[in-house]
Protein chains: 2
Amino acid sequence: PPGRKVLIVYAHQEPKSLNGSLKRVAVEELSKQGCSVTVSDLYAMQFEPRATRNDIVGCLHNSEEFNYGVETWEAYKRGGLSNDLIEEQKKVKEADLLIFQFPLYWFSMPAIMKGWMDRVLVQGFAHEFPNCYDSGLLQNKLALFSFTTGGSKEIYTKGGISGDIRYLLWPMQHGIMHFCGVRVLAPHICFAPEYVSEEEREEMLIAWAQRLKTLWKEEPINCSPEWYFE
Amino acid sequence: PPGRKVLIVYAHQEPKSLNGSLKRVAVEELSKQGCSVTVSDLYAMQFEPRATRNDIVGCLHNSEEFNYGVETWEAYKRGGLSNDLIEEQKKVKEADLLIFQFPLYWFSMPAIMKGWMDRVLVQGFAHEFPNCYDSGLLQNKLALFSFTTGGSKEIYTKGGISGDIRYLLWPMQHGIMHFCGVRVLAPHICFAPEYVSEEEREEMLIAWAQRLKTLWKEEPINCSPEWYFE
């Protein structure tokens, strides 16, 4: 609906890829709805995935023994995080919905996107004990993981060699998003686009656009072990 | 035993950290046994986690549409991967045992280590359809995930808010290592070292050294859904 803000965190090297097209479709459809859409195109930004001392501007809280979690927490509180992190946190703060668009790499997100999670969602900003899970600091936001796989739908089932696809969503949806208080919409998965016809890939794009039309009416999943492991 | 080769892939910024000490203990104990131990100290190496075109030396197989999986596969076959990847692959190839030492970041490994997985374990080297899982290309190797957590042991249980710790091991142990044919030893987990006494941290180091003394007699876990989800 008009006025809603969406941040798409996007991790693919190639604009012509299906991931690139899925991202474009989302920008178009959500813009058409009157949403304001921002994209963090991680490879294009050459986003830094490594969690290092460079993320803290100025002096360290404890320069004797570097503790990334403590240092970024302290830096956040005094406004001393590096500019790229401040920028991303601004985008997250404003967003009603976060869409993560990526190809599945090794049962998870590509390292460049994992680095976004590691570095942007710092203590103080996204969580701060005891404000985690249902009382995480990013409440009233939604997240959606939209990704492509190499393997077919059949191998990602309970009896399949790679197990139920929900198993691998646990760390991302529950461990990260739910931990920060974000409610999670059902994932959007395009299985094995490299092994289907151009027509079927086109249908994948249409299906995504269709889903986005009624996205704001969707209920979040029940992000508890039952959803993942029955 | 004498002659065995071990690669420790290590991801912590601070040598004085518990992770740094755990790494040092492993180097010492395994060297004492006569093993030859190599360490990839990812932060010290400023290891690149991003999967980009830079990983391929020379011309691309398809310069019209960049596909990282295809390009690295092709580059591997013609010896055209970047030098940092060739170096890491050499270490992996020689190793009988891979130890991954890291602090748990967001229910997973830090991005810098995920980048090591994404970039080093390319098709052709670590797997090549249908050579995956039990017939993966890195057979006859063992892997062990050794990590520290922020949260306590209690929260990582079936009834705990963060779920059984085994849930989050699925993508790493099954999705990556098992996929490449590597057999997996039980993980080594130090829970919440930041919240225990100096003495207890010392005991954690002793326990790790003790375990390493008889490590070569351990049987791999049964890396199937049952182990993870019962």
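If you check an unreviewed UniProt entry, chain A appears there as Ribosyldihydronicotinamide dehydrogenase [quinone] from Podilymbus podiceps. Quoted verbatim from the Subunit (unreviewed entry) field of the UniProt record, the comment on chain A reads "Homodimer."

**Concerning the pattern of salt bridges**
Throughout the structure, instances matching the rule amount to 25 salt bridges over all chains. For E74 of chain B, the salt bridge is made with K77 of chain B, and the minimal N-O distance between the two is 3.7 Å. Placement of the pair is E74 of chain B and K77 of chain B together in helix 2 (residues 68-77), with a separation of 3 residues, close to one helical turn. Residue E74 of chain B is classed as partly exposed on the basis of its relative accessible area of 25%. Assessed through its relative accessible area of 48%, K77 of chain B is described here as partly exposed. Across the pair E218 of chain B and R211 of chain B runs a salt bridge whose closest N-O atoms are separated by 2.8 Å. The network of salt bridges with common partners includes E29, K32 and K213 of chain A.

**Notes on the relation of the copies chain A and chain B**
Both copies of the chain are related through a single rotation about an axis accompanied by a shift along the same axis. Rotating chain A by 180° and translating it 0.0 Å along the rotation axis places it on chain B, where the RMSD comes to 0.0 Å. When the rotation and shift are considered jointly, the pair of chain copies conforms to a two-fold rotation axis. Closest approach to the rotation axis among the C-alpha atoms of chain A is made by A111 of chain A, whose C-alpha sits 2.5 Å away. By residue overlap, the copies meet face to face through one surface: 100% of the interface positions of chain A are interface positions in chain B.

**Things to note about the pairing of strand 4 (residues 142-148) of chain A**
All names here are of chain A. The element strand 4 is extensively covered by neighbouring structure, given that 7 of its 7 residues are classed as buried. Burial of strand 4 is two-sided: the residues L142, L144, S146 and T148 facing one way and the residues A143, F145 and F147 facing the other way are all buried. Traced from strand 3 (residues 97-103) through helix 4 (residues 111-120) to strand 4, the parallel crossover comes out right-handed. Relative to strand 6 (residues 188-190), strand 4 runs parallel, the two sharing 3 bridges. Paired with T148 across the bridge in strand 6 is C190.

Criteria and cut-off values
Residues numbered from 1 in each chain as written. Chains lettered and ligands numbered in written order. Predicted model: local features only at pLDDT ≥ 70, side-chain atom pairs only at ≥ 80, totals over all residues. Heavy atoms only, no water. UniProt positions renumbered as here; feature names shortened; annotations may be inferred. Salt bridge = Lys/Arg side-chain N within 4 Å of Asp/Glu carboxyl O. Helix = DSSP H or I, 4+ residues; strand = E, 2+ residues; numbered from the N terminus. Buried < 20%, exposed > 50% of the residue type's maximum accessible area, 1.4 Å probe, protein only. Least-squares fit on C-alpha atoms with pLDDT ≥ 70 in both. Contact = heavy atoms within 4.5 Å. Right-handed = clockwise from strand over helix to strand, strands pointing away. Pairing = 2+ DSSP bridges.

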